[in-house]
Structures are given as structure tokens and as C-alpha cells.
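# Inside the fold
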Amino acid sequence: MRKWMWALLLIIPVIELFGFILMSDWIGAGKTLLLMILTSLIGIAMLQFEGRKVLVDAKSEMERGKVPGRKMVDGLFIFVGGFLLLIPGFVTDLIGFTLVFPLTRPVYRLFFLGWLEKKMKSGKITFYRRPK
């Protein structure tokens, strides 16, 4: 796990720098900076709107006596997407937007729940229940 984290910490800035250079050559450095700031501001607005929506939906499910499992996963994706939108760069913004945007979130949810199920079956993740 640590090797992947170190690899990501080294690879992501290189990819973002490459994207910044390509975009600067294509539309100019000033417009590229403006575009990065604009995508971050739009992302923050989407994050606030979608975050509030998920909180309200989770609260309504809890009031009906249901466990808001899907809403919790959506909240996690919105949080991670919002974090990625705050990092300057085009690749992280693209991933962040797809995590925050409700139409693309189910794709991530499908892969995440499959990964989680695999880890639970192999015994690498254990859930403990509180006694009643």
C-alpha cells in the first residue's frame, strides 16, 4: 500500500505539470491559470450543493429507520472529489468532477463496493457490531 502512495505522490504532480504545459501551449499561460481557478470554484460550488443534498437524503433515510449505506458511500466520494478539486491541475479536476457529479458517481460506487466486498471476503477488512 505504501509503495502505491509514494508512486502516486510522484506521478500525479508530473502528470499535472505535463497537462499544464500542454494547455499553456494550446491556450496560453494566463488563460490556463484562469481555467484552473474557474474549475476549482465550480467544483467547490458543486461540492457544497451535492454535499448538502447527500446529508439531507441520509437524514431522511435515518428518520425512516433505514441505514443510509449508499448515501454514506456517496458522501465519501463527494468528500474525496472535493479534495481533488482543490488540488490545482486538470487530471485531478477531471477525477474530482466525476466523483462529485451524480451521474458518474455510480460507476465509482460499483468498483468501490466490489473492492470492499472482495476485501471483506478475504478477511482484510472486518466490521464490528455494537452489542444491543
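Residues numbered from 1 in each chain as written. Predicted model: local features only at pLDDT ≥ 70, side-chain atom pairs only at ≥ 80, totals over all residues. Heavy atoms only, no water.

### Quick look at the pattern of salt bridges
As a reminder of what qualifies: Any Lys or Arg side-chain nitrogen located within 4 Å of an Asp or Glu carboxyl oxygen qualifies as a salt bridge. In this text, helices come from DSSP runs of H or I with a minimum length of four residues, and strands from runs of E with a minimum of two, each type numbered from the N-terminal end. Burial status follows relative accessibility: with a 1.4 Å probe on protein chains alone, a residue under 20% of its type maximum counts as buried, one over 50% as exposed, and anything between as partly exposed.
Within this structure, the stated rule accounts for six salt bridges. We note a salt bridge from aspartate 74 to arginine 105, for which the minimum N-O separation is 3.8 Å. Taken together, the positions of aspartate 74 in helix 3 (residues 69–86) and arginine 105 in helix 5 (residues 105–122) put the pair 31 residues apart, joining distant regions of the chain. Both residues of the pair, aspartate 74 and arginine 105, belong to the buried class. Between aspartate 74 and arginine 109 there is a salt bridge; the shortest N-O distance is 3.0 Å. Taken together, the residues span a long stretch of sequence, with aspartate 74 in helix 3 and arginine 109 in helix 5 at a distance of 35 residues. Of the two residues, aspartate 74 and arginine 109, neither departs from the other in class, the shared state being buried. When salt bridges that share partners are traced, they join Glu50, Lys53, Asp74, Arg105 and Arg109 into one network.

### Here's the deal with the side chain of aspartate 74
The condition is simple: Within 3.5 Å is the distance limit for a polar contact, defined as a pair of N or O atoms, with the added protein rule that one can donate a hydrogen and the other accept it, and that residues adjacent in sequence qualify only through two side-chain atoms. Should any heavy atoms of two residues lie within 4.5 Å, those residues are considered in contact.
According to the relative accessible area criterion, aspartate 74 is buried, its value standing at 3%. A polar contact is formed between the side chain of aspartate 74 and the side chain of arginine 109, at a distance of 3.0 Å. Apart from the residues within four sequence positions on either side, aspartate 74 is in contact with Val54, Arg105 and Arg109.

### With respect to the UniProt feature "transmembrane region" (unreviewed entry) in the protein
Rules: UniProt positions are given in the numbering used here, feature names are shortened, and annotations may be inferred rather than shown by experiment.
Feature annotation in UniProt places "transmembrane region" (unreviewed entry) on residues 7–27, 33–51 and 72–91, given in this structure's numbering. Counted over residues 33–51, helix gives 100% and strand 0%. Its end C-alpha atoms are 27 Å apart. Counted over residues 72–91, helix gives 85% and strand 0%. Its end C-alpha atoms are 25 Å apart.

### Quick look at a nonpolar patch on the surface
Short version of the rule: Note on patches: the residues involved have over 30% relative accessible area and no salt bridge, like charges join within 9 Å, and the nonpolar side chains Val, Leu, Ile, Met, Phe, Trp and Tyr join within 5 Å. Residue-level accessible areas treat just the shown protein chains as cover; the underlying method is Shrake-Rupley with a 1.4 Å probe.
Side chains of Leu10, Ile11, Ile15, Val91 and Ile95 sit close together on the surface and give an oily, nonpolar patch of about 420 Å² of accessible area. Breaking the nonpolar patch down by element, the ones donating at least two residues are helix 1 (2–27) and helix 4 (90–100). Looking at the nonpolar patch, the element that brings in the most residues is helix 1, giving three residues. When you line up the elements, isoleucine 11 lands in helix 1.

### Description of helix 3
Under the convention used in this document: Here the expected span of a helix is defined as 1.5 Å times the quantity of residues minus one.
Taking 1.5 Å per residue, 18 residues should reach 26 Å; helix 3 reaches 26 Å between its end C-alpha atoms and fits that length. Listed as buried for helix 3 are Lys71, Val73, Asp74, Phe77, Ile78, Gly81, Gly82, Leu84 and Leu85. On its buried face, helix 3 is in contact with helix 2 (29–63), helix 4 and helix 5.

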